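# Tertiary structure, described
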Amino acid sequence: MTAASSPKARARSAGKPPRSGAAALLEPLVGLCRADQYERQKRFWQELTRQWRAEVAASLDQVRAKIEKQNAANRELRDNILAAVQAAPDPRELSVADVTVLKNQWADPADPARVGVRDATDRRWRCTVEPGHGSWTAPPKDRSRSDRPSMCRKCSGAAPRPGEHPAVERSVAAVPALAAELHPESGAPEETSYGGNKPVTWWHQVPAVRPGAGDWYWATHVWQQPTKSRTGRRTRNGKAAGINGCPVCNSDQADASNSLAAWYPELAEQWVRGPAGRNAHNTPVGSKIEVTWRCTSSQGEHEDWPAPPNRRTAKALRSGCLRCSHNVSAKALALYHELRTHLPALELEAPVPLAPAPGKRYRGVRVDMWEEALHLVVEFDGWKTHGPESWRDRADDDRLKTDRLAAAGQTVIRVREDLGPVGPHDVVVGSGWSAWKVTAAVLLRIHELGLHPLPGLGGYLEHGTESAAADVEKALLGMPYRPRRFPGASKVAAAPRQLKATAPHADSWLTPVGLPYSNPKKRAGSLRDYRCRCRTLVTGLPQAEVTRGNTKSCGCRRAAFRALPRGRADRELTQAARRWAREAGVEVRENGPLDARVLAAYQLHAVGMAHLLNDDSRIPEGPVRGWADVEGITLGARGRLPRHAWLGYAASVLAQLVTAPEEDLAESPNRPPPHLR
């Protein structure tokens, strides 16, 4: 390699990177917001990439056709070599001169008649398929192998050895559109294989838009990419998918022409963190990575929120701070700022006071836009803002709202996007209309109705205005906005609430003293004072607990019940009753005290009074309650029978048996056992 052909010399001699697209810059983009400007630039780059990919695909088809011819010729030569070697009685006695193909490709100074086909010394050969491939070295034994004889290295597409160059048809030079983008530092196009796996540097110049200004300039894109990924054979839906263009033009990488920091510096200030190594300078505008943002207008009061950059920059899906953003679609917001150029007093998300509808508590309705002095209401009905398809047909609700506003003296103009009109002054627009075109239709309707003079309407209908686009950008990027609230109603001192008084439980010992009063604890019920039968004053009892019977005294009732003497049950009697209960199928515990009802039932069964028991071998509750009422036994909580009531009832029955004549007791077939006598 000479000094003049070195990479550094080529880099010095190379002027500017190749230019893609038109030779001259395009006309400036006037009257468009940044989102529209970036969309125009993105579509322009995509078209350039499509054209470049078509040129590369056409060149690759020609190159591959040429390579296929070389492969066919080499297959024929290989078959001739195999036929000559296999026809010889002993291939070891063959010389290179005996094989016609090898003799024709011989370029070594030695005599081919004195060199055997099984010789292992490297010899020089020349390509007869493509004379431009020159010569190469290989031992004759490799050229006469019985499985696959070796052929020209450049014809077979083998990797070049140090100091060698690939074949011209297998280099980047064979694809002019690809060779034009090769960076000088990566070497000459004829020295670089188009199927290499090593990343090389590429560059080119494309027209780009200056954010905000709208004028075009030449942007230089420099990136690294293996040549194999730019000349791949993969296809998708019948189209070449392995021919990759510029990653910056495809929005896979970012530089100063498409980065988030360049197009939206206010979003770069709100950037908190993203994936490892990502920031606002190396992230494209339409990226879908997860980024955490921070509201800069609240000075740290609002919490951070996650959102991908495409949600922050897409024109139809703008999102800002969750606390600052207003619930207005991007299209309605753009219409509002466009209308303000002629109606400066127009208010966004305005509350219109109305008489309450039957059965409703609100004092008015909130509309998208309202000019109070002109009594003009502008509503934007976009089908995309109505959610799923089942929600989009809201014509009945829109018609009802229009009628209510018209009855209150308001002129309602509804902008119906791909929807039919519901009112007499509605304007039907298409979903693809720009904000300027929609605003022009609304202003013409206002002019037809004669609501307000519009002196600059003619000039606006011709070229629009640029100030509205800037205001829309600020609003869509999260500018704080607080809509006006409905006027508050005059407050009248409310009368003190009268709490409902309820009577105590029928079995309660408590008597109310005074009226109920509120409980300081929320949702805990009212309180009330009571006097117990024992003359004790109890204050602050929950009235609901006394009414239900959960609280029946000041505590003396429970104390008196606990003070009652509790007789100790006989162990022999308890064991006999437990055995009887198991035989009768009554569930009892293995240890501990036995249920009084089971113990009393056993006592009656043992003395032959089984007819006083139910089918389940238990004492009915009715007779016991009647006996307890006669005896004046106090019931427990919720009217439950205490333990001594069951045992007392059984004892009374046994007492009647004891007073019976002895002879009657002796004749009884179920004579009670000794421990029951």
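Residues numbered from 1 in each chain as written. Predicted model: local features only at pLDDT ≥ 70, side-chain atom pairs only at ≥ 80, totals over all residues. Heavy atoms only, no water.

## Digging into unusual backbone geometry
A positive phi angle is found at aspartate 418, which is not glycine, with a value near 55°. Mapped onto the elements, aspartate 418 comes out in the loop between β13 (411–417) and β14 (427–429). For serine 617, which is not glycine, the phi torsion reads 65° and is therefore positive. Its location among the elements puts serine 617 in the loop between α19 (596–606) and α20 (621–631). (Helix = DSSP H or I, 4+ residues; strand = E, 2+ residues; numbered from the N terminus.)

## So, the packing of helix α18 (residues 571–584) against α19
Remark: α18 packs on α19, axes separated minimally by 9 Å, with the N-to-C direction vectors making an angle of 85°. As summarised for this structure, α18 and α19 are arranged roughly perpendicular, according to the angle between their axes. Taken together, the residues of α19 that come into contact with α18 (itself represented by Leu573, Thr574, Ala576, Ala577, Trp580 and Ala581) are Val598, Leu599, Ala601, Tyr602, Gln603 and His605. (Axes fitted to C-alpha atoms, helices over the stretch in contact; angles between N-to-C directions. Parallel < 35°, antiparallel > 145°, perpendicular 65-115°, else oblique. Contact = heavy atoms within 4.5 Å.)

## Overview of the packing of aromatic side chains
Applying the stated criterion across every chain yields a total of 6 aromatic pairs. Seen in terms of ring centroids, tyrosine 38 and tryptophan 263 are 5.2 Å apart; in terms of plane orientation they differ by 80°. Their pairing is edge-to-face. Of the two residues, tyrosine 38 is situated in helix α2 (residues 34–87) and tryptophan 263 in helix α7 (residues 260–263); the sequence distance between them amounts to 225 residues. Each member of the pair tyrosine 38 and tryptophan 263 is classed as buried. Between tryptophan 106 and tryptophan 125, the ring centres sit 5.1 Å apart and the planes meet at 90°, which makes this aromatic pair edge-to-face. Taken as a pair, tryptophan 106 in the loop between α3 (100–104) and β1 (123–126) and tryptophan 125 in strand β1 lie far apart in primary sequence, 19 residues in all. Of the two residues, tryptophan 106 and tryptophan 125, neither departs from the other in class, the shared state being buried. In this structure, arginine 143 packs its charged tip against the face of tryptophan 125, placed 4.8 Å from the ring centre. Above the face of the tryptophan 202 ring, arginine 230 is positioned so that its terminal group lies 4.8 Å from the ring centre. (Phe/Tyr/Trp six-rings, centres within 6.5 Å; stacked < 30°, edge-to-face > 60°. Buried < 20%, exposed > 50% of the residue type's maximum accessible area, 1.4 Å probe, protein only. Lys NZ or Arg CZ within 6 Å of the ring centre and 35° of its normal.)

## Structural notes on helix α13 (residues 435–449)
A rise of 1.5 Å per residue sets the reference length of α13, with its 15 residues, at 21 Å; its end C-alpha atoms lie 21 Å apart and thus fit the reference within 8%. Listing the buried residues of α13 in full gives Val438, Thr439, Ala440, Ala441, Val442, Leu443 and Ile446. Buried residues along α13 sit against α10 (330–339), β12 (376–382), β13, β14 and α14 (457–463). Glycine 450 occupies a position one or two residues after α13 and carries a positive phi of about 70°. (Expected span 1.5 Å × (residues − 1).)

## Remarks on the environment of leucine 499
Turning to its location among the elements, leucine 499 is positioned in the loop between α15 (467–476) and β15 (510–517). Spatially, the C-alpha atom of leucine 499 lies 6.3 Å from that of proline 516, the residues being 17 residues apart in sequence. What leucine 499 contacts, discounting residues up to four positions off in sequence, is Pro516, Tyr517, Ser518 and Ser526.

## With respect to empty space enclosed by the protein
Scanning the model with the defined rule gives 1 cavity of 30 Å³ or more in all. Approximately 70 Å³ is the volume found for the largest cavity. Every residue lining the largest cavity is listed: Ser20, Leu48, Thr49, Trp52, Glu181, His204, Gly245, Cys246 and Cys249. Considering every element that reaches the lining of the largest cavity, the biggest residue donor is α2, with 3 residues. In the lining of the largest cavity, the residues fall into 4 nonpolar, 4 polar and 1 charged. (1 Å grid on protein atoms, 1.4 Å probe; cavity = no way out; pocket = protein on both sides within 12 Å on 5 of 7 lines; lining within 4 Å. Points joined across faces, edges and corners; volume = space filled by probe spheres on them. Nonpolar A, V, L, I, M, F, W, Y, C, P; charged D, E, K, R; others polar.)

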